[in-house]
Amino acid sequence: MSRLDPERVRHVASPLIELGCALHVLAEPRHHGRTEWAEQVPAVLRKDLAAWAWTVRAVRARFFATSTATGVPAFSDELAALRSRPPEDLAAELVRPLRGRPLSTRTTDADAVRRWARSRGPSIAALVERLLTDPAEPVAEFLDLLDLCWHGWFGEVWAESRDQLAARGRQDRDLGVRDGLSAMLRSLDASIEVRDPDGMVVQKVQNKRIDVAQHSLLLVPSNFIAPHLFLGEVPGEPLTIIYPAGGRGQAAVPTAQAIRHRLEALAVPDRLQVCRAVASESRTAGEIATIWNLNPTQVTRHLRALTRAGLVTAERQGRFVAYRLDETAMRSIGTDLLDLVMR
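None of these values were measured; they are calculated from a predicted model.

Calculation rules
- Residues numbered from 1 in each chain as written.
- Predicted model: local features only at pLDDT ≥ 70, side-chain atom pairs only at ≥ 80, totals over all residues.
- Heavy atoms only, no water.
- Phe/Tyr/Trp six-rings, centres within 6.5 Å; stacked < 30°, edge-to-face > 60°.
- Helix = DSSP H or I, 4+ residues; strand = E, 2+ residues; numbered from the N terminus.
- 1 Å grid on protein atoms, 1.4 Å probe; cavity = no way out; pocket = protein on both sides within 12 Å on 5 of 7 lines; lining within 4 Å.
- Points joined across faces, edges and corners; volume = space filled by probe spheres on them.
- Nonpolar A, V, L, I, M, F, W, Y, C, P; charged D, E, K, R; others polar.
- Buried < 20%, exposed > 50% of the residue type's maximum accessible area, 1.4 Å probe, protein only.
- Polar contact = N/O pair within 3.5 Å; in protein donor to acceptor, adjacent residues only side chain to side chain.
- Contact = heavy atoms within 4.5 Å.
- Core = buried A, V, L, I, M, F, W, Y, C linked by side-chain atoms within 4.5 Å.
- Salt bridge = Lys/Arg side-chain N within 4 Å of Asp/Glu carboxyl O.
- Expected span 1.5 Å × (residues − 1).
- pLDDT = per-residue confidence, 0-100.
- Axes fitted to C-alpha atoms, helices over the stretch in contact; angles between N-to-C directions.
- Parallel < 35°, antiparallel > 145°, perpendicular 65-115°, else oblique.

### Let's talk about the packing of aromatic side chains
Then, in step 1: In the structure shown here, the tally under the stated rule is 11 aromatic pairs.
Then, in step 2: Consider the rings of Trp-150 and Phe-154, whose centres lie 6.2 Å apart with planes at 55°: the pair is tilted. Here Phe-154 and Trp-150 lie together in helix α8 (residues 136-179), a separation of four residues that amounts to about one turn.
Then, in step 3: Aromatic rings pair up to connect Trp-37, Phe-75, Trp-150, Trp-153, Phe-154 and Phe-224 into one cluster.

Take a look at the structure:
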């Protein structure tokens, strides 16, 4: 792939986006492995932020997911920019995770928003109703809460990581300019696979091919996004990639198709018995059929399916083919599946 046009890519170390990532972790600290970290956040902030946790889940309020800035903007400037906007606009962005419309549209489906807000409980339903009908006061409350977070907690967190995140963003942009878009994208996260000069595939449960030739890029390294990789794709805006700042060197996550093949291979009756037969030593299909009183043809089919799924290895020994369970592959199914789902 050719070198990246410097005009097509920006990097930003945004304290507002990083705060959004931190709030996401704070909502579910256990699956991020940050339970102790979350307990250090002042209890009064944790309680107040819980009411707004729905704005930073898998779908996020737009200002937590993209930025017009480059480099290292000041949090005070980012917050001032939010305060200068009409509360109706910010309210629409806050209810974005609930709006019941494709994220490529800017239309808010108020009925869908109300419905999904009610599914989260009466307190959130009441808050969302205020955002829809009279947004000035709840939007001001939310922005004041962000300000409290900054001065009572997150400002110190940001001070410790700001320079590191800024440096990582510069390095990644420079890598793209020097070695090309393909090399840069692969370096961001192990789940990104570049398959042709213009497209990349991100290994998630719902894999999606993205035509990067049609986008400018916004690179946003984060110390809180892991184990996720966040992609913000909105027509007319840069493709935003929020990726783990420590992502280099991470093990690749298997594709959804590969994991599905493993699970399907194990779901067939007698397959686990065949796996057990080759778990402690190599055996041929004929030997397994004899010892376990199974149909030899079916055993051969089972072994071939397990081999295609990467759960069993095959080694020819003269006229025979000996099979052996790949213990590492079998053990990884649980963690691989969780990693894929959490990505």
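Okay, back to it.
### Structural notes on the layout of surface pockets
Using a probe with the size of a water molecule, rolled over the atoms, empty space left in the structure can be pinpointed.
Then, in step 1: When its volume is computed, the second largest pocket comes out at roughly 400 Å³.
Then, in step 2: Lining the second largest pocket are 18 residues, with Phe-63, Thr-66, Ser-67, Thr-68 and Arg-85 positioned closest to its centre.
Then, in step 3: For the lining of the second largest pocket, the secondary-structure elements that each account for two or more residues are α1 (15-27) and α4 (75-83).
Then, in step 4: For the lining of the second largest pocket, the element with the highest residue contribution is α4, accounting for three residues.
Then, in step 5: When the residues that make up the lining of the second largest pocket are grouped by side-chain class, the tally is eight nonpolar, four polar and six charged.

### So, the side chain of Thr-240
Then, in step 1: For Thr-240, the position within the fold is in strand β7 (residues 239-244).
Then, in step 2: What makes Thr-240 buried here is its relative accessible area of 2%.
Then, in step 3: A distance of 3.2 Å separates polar atoms of two side chains, one belonging to Thr-240 and the other to Thr-66.
Then, in step 4: Not counting residues within four places of it along the chain, the set of residues in contact with Thr-240 comprises Ala-65, Thr-66, Leu-218, Val-220, Phe-230, Leu-231 and Gly-232.

### What about the nonpolar core?
Then, in step 1: Leu-23, Trp-54, Phe-63, Phe-64, Leu-146, Trp-153 and Phe-154 are the most contacted members of the largest nonpolar core, which totals 56 residues.
Then, in step 2: Broken down by element, this core gets its largest block of residues, 13 residues, from α8.
Then, in step 3: Residues contacting Phe-154, with those up to four places away along its chain left out, are Pro-15, Glu-18, Leu-19, Ala-22, Cys-149 and Phe-224.
Then, in step 4: With 20 residues, the next largest nonpolar core counts Ala-265, Ala-285, Ala-289 and Leu-294 among its residues.

### Comments concerning the pattern of salt bridges
Then, in step 1: As enumerated under the stated definition, the model contains 13 salt bridges in all.
Then, in step 2: Across the salt bridge formed by Arg-114 and Glu-129, the nearest N and O atoms sit 2.7 Å from each other. Of the two residues, Arg-114 sits in helix α6 (residues 110-118) while Glu-129 sits in helix α7 (residues 122-133), which places them 15 residues apart along the sequence.
Then, in step 3: By relative accessible area, Arg-114 is classed as partly exposed at 26%.
Then, in step 4: Glu-129 sits in the partly exposed class, given a relative accessible area of 30%.
Then, in step 5: For the salt bridge of Asp-172 with Arg-168, the shortest nitrogen-to-oxygen distance reads 2.8 Å. Residue Asp-172 and its partner Arg-168 are both found in helix α8; the two are separated by four residues, about one turn of the helix.
Then, in step 6: By relative accessible area, Asp-172 is classed as buried at 0%.
Then, in step 7: Each of Arg-130, Glu-137 and Glu-141 takes part in one network of salt bridges that share partners.

### Describing α1
Then, in step 1: Its 13 residues place the ends of α1 18 Å apart at the C-alpha level, agreeing with the 18 Å of an ideal helix rising 1.5 Å per residue.
Then, in step 2: Across the 13 residues of α1, 12 count as buried, placing the element largely inside the fold.
Then, in step 3: Among all positions of α1, only Pro-15, Leu-16, Ile-17, Glu-18, Leu-19, Gly-20, Cys-21, Ala-22, Leu-23, His-24, Val-25 and Leu-26 are buried.
Then, in step 4: Those residues of α1 that are buried lie in contact with α2 (35-39), α3 (43-50), α4, α8, β5 (217-222) and β7.

### Examining the confidence of the model for the chain
Detail in the predicted coordinates should be disregarded across regions flagged by low pLDDT.
Then, in step 1: Looking at the chain, pLDDT values average 86 and 90% of them are 70 or higher.
Then, in step 2: Across the chain, the element-wise mean pLDDT spans from 67 in strand β4 (residues 208-211) up to 98 in α4.
Then, in step 3: Overall, residues 100-104 carries pLDDT values under 50, and its contacts beyond four positions in sequence, including any with other chains, amount to nine contacts.

### Side note on empty space enclosed by the protein
Then, in step 1: Scanning the entire structure with this criterion turns up one cavity of 30 Å³ or more.
Then, in step 2: Taken as a whole, the largest cavity holds about 80 Å³ of empty space.
Then, in step 3: Looking at the largest cavity, the residues that line it are Arg-62, Ala-65, Thr-66, Arg-96, Phe-230, Gly-232, Glu-233, Val-234, Glu-237, Pro-238 and Thr-240.
Then, in step 4: For the lining of the largest cavity, a count of residues per class yields four nonpolar, three polar and four charged.

### Side note on the packing of α1 against α8
Then, in step 1: Following both chains from N to C, one finds α1 and α8 inclined at 110°, their axes separated by 10 Å at the closest point. Relative to α8, α1 is oriented roughly perpendicular. Along the contact surface, α1 presents Pro-15, Leu-16, Glu-18, Leu-19, Ala-22, Leu-23 and Leu-26, while α8 presents Leu-146, Trp-150, Trp-153, Phe-154, Trp-158 and Leu-165.
Then, in step 2: For the contact of α1 with α8, the residue count by class is 12 nonpolar, no polar and one charged.

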